[in-house]
Amino acid sequence: MSTEPETTEDTGPGTPGADTAADTPQAGGDDADAGATGQETDAPSEDGAADGDAAGRGDDDTETSADGDDESSADGGTGPEGSADAPQLSEAEAELAAQRVERERIERRRAEKQGPVEAGGKLSGKAADLLAAVRAVESGEKPVAAAFHDPEPAPRRVVVPEPERRPQPVTASATGPAAAAPEAVAAVRAVLAAAGAPDTLAPQVAAALGEDADRQLREDPWQLLRVAGVRPEQADGFARALLGAECGPEDERRGRALTVWLLEQAALAGHTALDAPALTAALTQRSVPDPDAAVQSTLAEGEALVFQDALDTAAPAREDTEEPEERPVRVLIGLERYALAEESLADGLARVMNSLPKDDGPAADWEHAATSAPRSAAELIRAVAGHGLVLHTGGDASGAEVAGLLHAVRSLGLRGWAATHAADGRRRLASRAAEDGPEGAPDLQVTTVAGLLSGAEGPGRDADGALDLDLLVVMDAPQLDVETAAVLAESLPDGARLVLSGDPGVLWSAGPGRIFADLLAAHVCPAVASRTPDPGPIGELVSGIGVGELLQVEAPGKEVVIVPVRDAGEAVHRTVQLVADSVPRAIGIPAEQTQVITPGHGGAVGTRALNAALKERLNPGPGRFGGFDPGDRIAYSPASGRSVPGHVVKADAEGLHLECAGVPVVVPKERVEQSVRHGWALTAHQAVGMTWPAAVVVLPGDAAQSLTRPWVYTAFGRAGRHLSVVHGVEQALPRAVAEVPQKPRTTRLPALLKAQVPTAG
């Protein structure tokens, strides 16, 4: 039987200017008992971000906080480390604050350079013309019209110097943006009301624009686009109401605001920068009469940076000339925030690769450790012995090799730690190490990435502020966004080794960047492929999807079941039936250990519709606190792009009391709507990094066009013992698995790395 999943979750970084997709209806499936065991499986949606206005989100809505992945939360769920006494002190929020400290440190580092650092400095050709246009704008002259034509190749790379100090642990009390003053909110509310805009936006506007937000809005109404969820057409309407006849599409303020908005949307889709032609094309779609001038004005105001990266090496000189042929370049425009993080990451990785100590044990000791370890781990141990940075690829079963490495490092007297994307990954790695490790070996030191960076977990920091360890293994490495990765790299002490381990077939991070894929493509360090296959029919099925084949697998124990459905109503009915009755009865897995995964939040078979139906069946109640009742399964999102599953304990005057990954969390009443969703059904991005004993993957018919191999691979791989596929996409599933890869993301990391580190082959 064939199984064809369908997804409306993010389908990858979109083309700037495209509109966000609407809610996708879905069709569903059949009983676990009735389904066939041999089926084919496709993997939809590759990237966590769907097309939609430069950034694109796969889901129709623009809710980010409560979704964990917005429409495509990539977080699989690193749990918050908050407590009932201090609910606001979650490790995810502390991680965000650590990233802010890192960005501030980078900015200070730039300011301490002897000469000023100008956006676009040392450029030539197309970028030089662009810089000339910027200076023309600054002097009041007419901008250069042909800024993006006839480029002259001249590679440009910014090398960020070694930091003078490493980021210190961030206390939880420092997390979260400060609330705007009541008088500032009132002033903004008056401006919004004068233009007929919803005054409920006032707190967000005041927080986004800061001091004198009301004055900024009056002077530049398009600053409203700084608020998450506000779209260009809404900002245009607001500007018309405030400016009247003075408002027009050619307004320079509009062009700048739309340029920044498009770059921010691109970041939501995973890009750290945009090609200049793509950006100008998106501005044209937004009715900006002179897109080149809009970009130039944005650069002149310092709201974006321009880069010129060589595409390949220069060709040798021809016989009739002494000059080598010019090498092609690409001009990129990006927000400073992500540009600095990417350059800092390249710097930090180069330092890790070049600072491997020579006195951390004789080579014979490392070889003995490799020989004593299980055969699957020996290659990884030998690679780590001789290199500061090592990449390790493999599925969930490859965690046994990481455990073997950590045991070997401990036997050498070195301080080895592992960090996982989700608390569930920490549990699985620790459990695997206990099962496969040598008898009497101490427990592995395992934390979550969020807990490690916030200081809530892990080895702590040394006197210089660096992590107090000799080896760090980061699991679920494809989930690292550029800012988190930069903080991790800068936090490592000189001489420490770094291993990035993960499955290259899963969906990429919710935030911008594709760190793991970029490093694999750059060939600047060893890459060790796991030799440990994922077991059973589900492992065989998922492995085939990873190489583009939808296999017919033998499943005598009903490990894989296909449930064909004809429409959305049947899909919802069959999904509820599977979770509440068929899987518990036929497979022996209770409903609380079964996870539903669907492509998007909206539509007739999205997470909202499925969660409503599942709540009615499994935990009916009036929803007295923001639609929630004690016992409800939830997905808590402490920050955009991060989602952790849990359940509701109670509600009182303090807020909604949750338990997430064994940690009590209290969500204040005013934050419940934006940060908590029901969690019987999740998107693949919310589920990445976690597994459940049983998974029900819903592939509705209307999501056929958005299916990708990575989405199917990720969704099907969340099942441990049993997988049911509610199948309504027919041949779209095998087609997606065979033909639709991960959507590309525009990043600068490979070029930055190649300029600093020679290729490893």
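The structure presented is a predicted model; accordingly, all values stated were derived computationally and were not measured.

About the cut-offs
- Residues numbered from 1 in each chain as written.
- Predicted model: local features only at pLDDT ≥ 70, side-chain atom pairs only at ≥ 80, totals over all residues.
- Heavy atoms only, no water.
- Axes fitted to C-alpha atoms, helices over the stretch in contact; angles between N-to-C directions.
- Helix = DSSP H or I, 4+ residues; strand = E, 2+ residues; numbered from the N terminus.
- Parallel < 35°, antiparallel > 145°, perpendicular 65-115°, else oblique.
- Left-handed = near helix turned anticlockwise from the far one by under 90°.
- Contact = heavy atoms within 4.5 Å.
- Nonpolar A, V, L, I, M, F, W, Y, C, P; charged D, E, K, R; others polar.
- Phe/Tyr/Trp six-rings, centres within 6.5 Å; stacked < 30°, edge-to-face > 60°.
- Lys NZ or Arg CZ within 6 Å of the ring centre and 35° of its normal.
- Pairing = 2+ DSSP bridges.
- Expected span 1.5 Å × (residues − 1).
- Buried < 20%, exposed > 50% of the residue type's maximum accessible area, 1.4 Å probe, protein only.
- Core = buried A, V, L, I, M, F, W, Y, C linked by side-chain atoms within 4.5 Å.
- Right-handed = clockwise from strand over helix to strand, strands pointing away.
- Salt bridge = Lys/Arg side-chain N within 4 Å of Asp/Glu carboxyl O.

> Mind laying out the packing of helix α3 (residues 182-194) against helix α4 (residues 202-209), listing which residues take part and the relevant values?
Where α3 meets α4, the axes come as close as 8 Å, and the angle between the chain directions of the two elements is 115 degrees. As judged from the angle between their axes, α3 and α4 are roughly perpendicular. Crossing hand, α3 versus α4: right-handed. Where α3 abuts α4, its residues Val185, Val188, Arg189 and Leu192 lie against Ala202, Pro203, Val205 and Ala206. Residues that form the contact of α3 with α4 fall into these classes: 7 nonpolar, no polar and 1 charged.

> Which residues make up the packing of aromatic side chains, and what values do they have?
Scanning the entire structure with this criterion turns up 0 aromatic pairs. Taking NZ or CZ as reference, Arg748 lies 3.9 Å from the ring centre of Phe307, over its face.

> So what about the sheet that holds strand β2 (residues 305-310)? Which residues, and what values?
Judged by pairing direction, the sheet is antiparallel, and its 3 strands sit side by side in the order β1-β3-β2 without closing on themselves. Each edge of the sheet is formed by a strand with only one pairing partner; in this case those strands are β1 (274-275) and β2. Where β2 and strand β3 (residues 329-334) come together, 6 bridges link them in antiparallel fashion. Within the sheet, the bridge partner assigned to Gln308 lies in β3 and is Val331.

> Outline helix α7 (residues 252-268), listing residues and values.
The terminal C-alpha atoms of α7, which comprises 17 residues, lie 25 Å apart, in line with the 24 Å expected from a rise of 1.5 Å per residue. Along α7, 13 of the 17 residues are buried, which leaves the element largely enclosed by surrounding structure. Looking one or two residues beyond α7, the residue adopting positive phi is Gly270, at roughly 110 degrees.

> So what's going on with unusual backbone geometry? Residues and values would help.
Backbone geometry at Lys558 places phi at a positive 60 degrees, although glycine is not the residue there. Counting through the fold element by element, Lys558 comes out in the loop between α18 (536-546) and β10 (560-564). Overall, Lys558 belongs to the partly exposed group, its relative accessible area being 28%. A positive phi angle, near 50 degrees, is found at Glu730, a position not held by glycine. Looking at where Glu730 falls in the secondary structure, it is placed in the loop between β19 (719-727) and α24 (732-739).

> Let's hear about the nonpolar core: which residues, and what values?
Residues Leu472 and Leu500 are the most contacted members of the largest nonpolar core, which totals 86 residues. With residues up to four places along the chain from it excluded, the contact list for Leu500 reads Leu389, Val390, Leu391, His392, Val474, Ala477, Leu480, Phe516 and Leu519.

> Give me the pairing of strand β13 (residues 642-652): which residues, what numbers.
Here 5 bridges tie strand β12 (residues 633-639) to β13, and the two strands are oriented antiparallel to one another. Across the sheet, residue Arg633 finds its bridge partner in β13, namely His647. As paired strands, β13 and strand β14 (residues 655-660) are joined by 6 bridges and run antiparallel to one another. Residue pairing in the sheet places Gly646 in a bridge with Cys660 of β14. As consecutive antiparallel partners, β13 and β14 are separated by 2 residues.

> Can you lay out helix α17 (residues 515-522) for me, pointing to particular residues and giving the numbers?
Counted residue by residue, α17 has 6 buried out of 8 residues, so it is predominantly covered. Among the residues making up α17, those that are buried are Ile515, Phe516, Ala517, Asp518, Leu519 and Ala522. The elements touched by buried residues of α17 are α10 (336-354), β4 (389-393), α16 (482-491), β8 (497-502) and α25 (749-756). One or two residues past the end of α17 sits His523, with phi positive at roughly 55 degrees.

> An account of the pairing of strand β18 (residues 692-699) is needed here, citing residue identities and associated values.
For β18, a buried count of 7 out of 8 residues is recorded, marking the element as mostly surrounded by other parts of the structure. Note: strand β11 (residues 594-597) against β18, 4 bridges, orientation parallel. Across the sheet, residue Thr594 finds its bridge partner in β18, namely Ala694. One ladder, built from 7 bridges, connects β18 with β19; its direction is parallel. For Leu699, the partnering residue across the bridge sits in β19 and is His727. Each parallel crossover has a hand, and the one from β18 via helix α23 (residues 709-716) to β19 is right-handed.

> Pulling in residues and values, what's your account of the packing of α7 against helix α8 (residues 276-285)?
Look at α7 against α8: their axes get within 10 Å of each other, and the N-to-C directions meet at 120 degrees. By the criterion of interaxial angle, the relationship of α7 to α8 is oblique. The crossing of α7 and α8 is right-handed. On α8, the residues touching Gly255, Leu258, Thr259, Leu262 and Leu263 of α7 are Leu279, Ala282 and Leu283.

> Lay out the pattern of salt bridges with the relevant residues and their values.
One pass over the structure, following the stated rule, counts 28 salt bridges. When the shortest N-O distance is used, the salt bridge between Glu219 and Arg215 registers 3.0 Å. You can see Glu219 and its partner Arg215 sitting in helix α5 (residues 213-219), 4 residues apart, about one turn around the helix. On the basis of relative accessibility, which here comes to 46%, the residue Glu219 falls in the partly exposed class. For Arg215, a relative accessible area of 38% puts it in the partly exposed group. Each of Arg226, Glu252, Arg256 and Glu303 takes part in a single network of salt bridges with overlapping partners.

> Before we move on, could you go through the environment of Leu349 and cite the residues and values that matter?
The residue Leu349 is located in helix α10 in this model. In this view, Leu349 contacts Leu389, Ala489, Leu498, Leu519 and Leu753; residues no more than four positions away in its chain are not counted.

> For the side chain of Thr298, give the residues involved together with the corresponding values.
Looking at the secondary structure, you find Thr298 in helix α9 (residues 291-300). According to the relative accessible area criterion, Thr298 is buried, its value standing at 0%. Discounting chain neighbours no more than four positions away, the residues touching Thr298 are Gly255, Arg256, Thr259, Val260, Glu303 and Ala304.

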